[in-house]
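Below are the chains, spelled out letter by letter.
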Amino acid sequence: MVSTPRQRDRVFALVRDSLEPLDAPVIAQTLGIHITTARFHLNALIDAGLVEGTWLPSETVGRPRKGYVAVGADPAAPVLDALLAQLGDTPAARRAKAAAAGRMWADSLSDPGEPQADLPDPVTLVTTTLTRLGFQVSAAVSSFGTHEIQLCNCPLRRIARNAPEIVSGIQQGMIERVLERHSPTLATQFDVDVRPDPAGDCGVTLRLTTRSTHRAPIAG
């Protein structure tokens, strides 16, 4: 692959100056380079700590598009942190208010129509919604009525760095409301528990547990 440092500088400048995440096809088309070349430079910029990846919401079912933003490019980050701190004095209080915000987020999605008479598959319902919102679902396992969905919380990664309890609350409220909107009966059958990756990586486990076997979630 023939490339030059100047070409990489152009890729970085485009990502840095953009007001929104850009994906590789847009970068390639804008700069008149091959998409493989664009991805090569983007990966090099990630290794250099100048660019980071994110998942972009998809309007269709399927794997979300990967976007790129400059590291530290958000000048509003300190203001966002200050606003989030106003949600409460304790992690539990902030998580409770974040759950309410998550329910509002779910309500912003397109109308699911009339509640379904037949119970939909909760895993399909949740993973489809998460994918539409830009989450990457990495695995889903069902056992004895409990469903565990592992996902990357990239759309909320900047909040997760300093306030993981807010992200967990948003995700919990959102999933509870999604179940309720599609099937009130289904919503009464499951409790939703969201647990961040203990290693601190960009990931969480979302657990749907039948209420007859539900165990109290770990406080976080």
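Conventions adopted
- Residues numbered from 1 in each chain as written.
- Predicted model: local features only at pLDDT ≥ 70, side-chain atom pairs only at ≥ 80, totals over all residues.
- Heavy atoms only, no water.
- Axes fitted to C-alpha atoms, helices over the stretch in contact; angles between N-to-C directions.
- Helix = DSSP H or I, 4+ residues; strand = E, 2+ residues; numbered from the N terminus.
- Parallel < 35°, antiparallel > 145°, perpendicular 65-115°, else oblique.
- Left-handed = near helix turned anticlockwise from the far one by under 90°.
- Contact = heavy atoms within 4.5 Å.
- pLDDT = per-residue confidence, 0-100.
- Core = buried A, V, L, I, M, F, W, Y, C linked by side-chain atoms within 4.5 Å.
- Buried < 20%, exposed > 50% of the residue type's maximum accessible area, 1.4 Å probe, protein only.
- Arc of directions from axis to C-beta.
- Polar contact = N/O pair within 3.5 Å; in protein donor to acceptor, adjacent residues only side chain to side chain.
- Pairing = 2+ DSSP bridges.

## Some points on the packing of helix α2 (residues 24-31) against helix α3 (residues 35-47)
Here's step 1: Look at α2 against α3: their axes get within 8 Å of each other, and the N-to-C directions meet at 110 degrees. Considering the angle they form, α2 stands roughly perpendicular to α3. Like other packed secondary-structure pairs, α2 and α3 cross with a definite hand, here right-handed. Note on element contacts: α3 touches α2 through Ile35, Ala38, Arg39 and Leu42, opposite Ala24, Pro25, Ile27 and Ala28.

## Comments concerning unusual backbone geometry
Here's step 1: Residue Phe144 is not a glycine yet carries a positive backbone phi of 55 degrees.
Here's step 2: Inspection of the secondary structure puts Phe144 in the loop between β4 (136-143) and β5 (146-152).

## Examining the confidence of the model for the protein chain
Here's step 1: On average, residues of the protein chain score 80 in pLDDT, and 80% of them are at 70 or above.
Here's step 2: Low pLDDT, under 50, characterises residues 213-220; the predicted model gives this stretch eight contacts beyond four residues in sequence or across chains.

## A few points about the nonpolar core
Here's step 1: Met174, Ile175, Leu179, Leu206 and Leu208 are the most contacted members of the largest nonpolar core, which has 31 residues in total.
Here's step 2: Residue assignment for this core shows that the elements contributing at least two residues are α5 (91-107), α6 (122-132), β5, α7 (157-162), α8 (164-182), α9 (184-189), β6 (190-196) and β7 (204-210).
Here's step 3: Ranked by residues supplied to this core, first place goes to α8 with seven residues.
Here's step 4: Counting residues in each nonpolar core, the second largest holds 15 residues, with Phe12, Leu22, Ala28 and Ala70 among its members.

## Comments concerning the environment of Arg16
Here's step 1: Within the secondary structure layout, Arg16 lies in helix α1 (residues 5-17).
Here's step 2: Under the relative-accessibility criterion, Arg16 is labelled partly exposed at 43%.
Here's step 3: Taking the C-alpha atoms as reference points, Arg16 and Gly72, separated by 56 residues in sequence, lie 9.5 Å from one another.

## Looking at α2
Here's step 1: Of the positions making up α2, those classed as buried are Ala24, Ile27, Ala28 and Leu31. Down the axis of α2, the smallest arc covering the buried residues is 95 degrees, so these residues share one side. Set apart from the buried face of α2 by more than 90 degrees, the exposed residues are Gln29 and Thr30.
Here's step 2: Two or three places before Val26, at the start of α2, stands the capping residue Asp23, its side-chain oxygen 3.0 Å from that residue's backbone nitrogen.

## As for the sheet that holds strand β1 (residues 22-23)
Here's step 1: Within the open sheet, the three strands sit side by side as β1-β3-β2. Their pairing is antiparallel. Of all the strands in the sheet, just β1 and β2 (51-56) have a single pairing partner and so form its edges.
Here's step 2: In the sheet, β1 pairs with strand β3 (residues 65-70) via two bridges, with the strands oriented antiparallel. When the bridges of β3 are listed, Asp23 appears paired with Gly67.
Here's step 3: The strands that α3 touches are β2 and β3; relative to β2, the one it contacts most, it runs at about 120 degrees.

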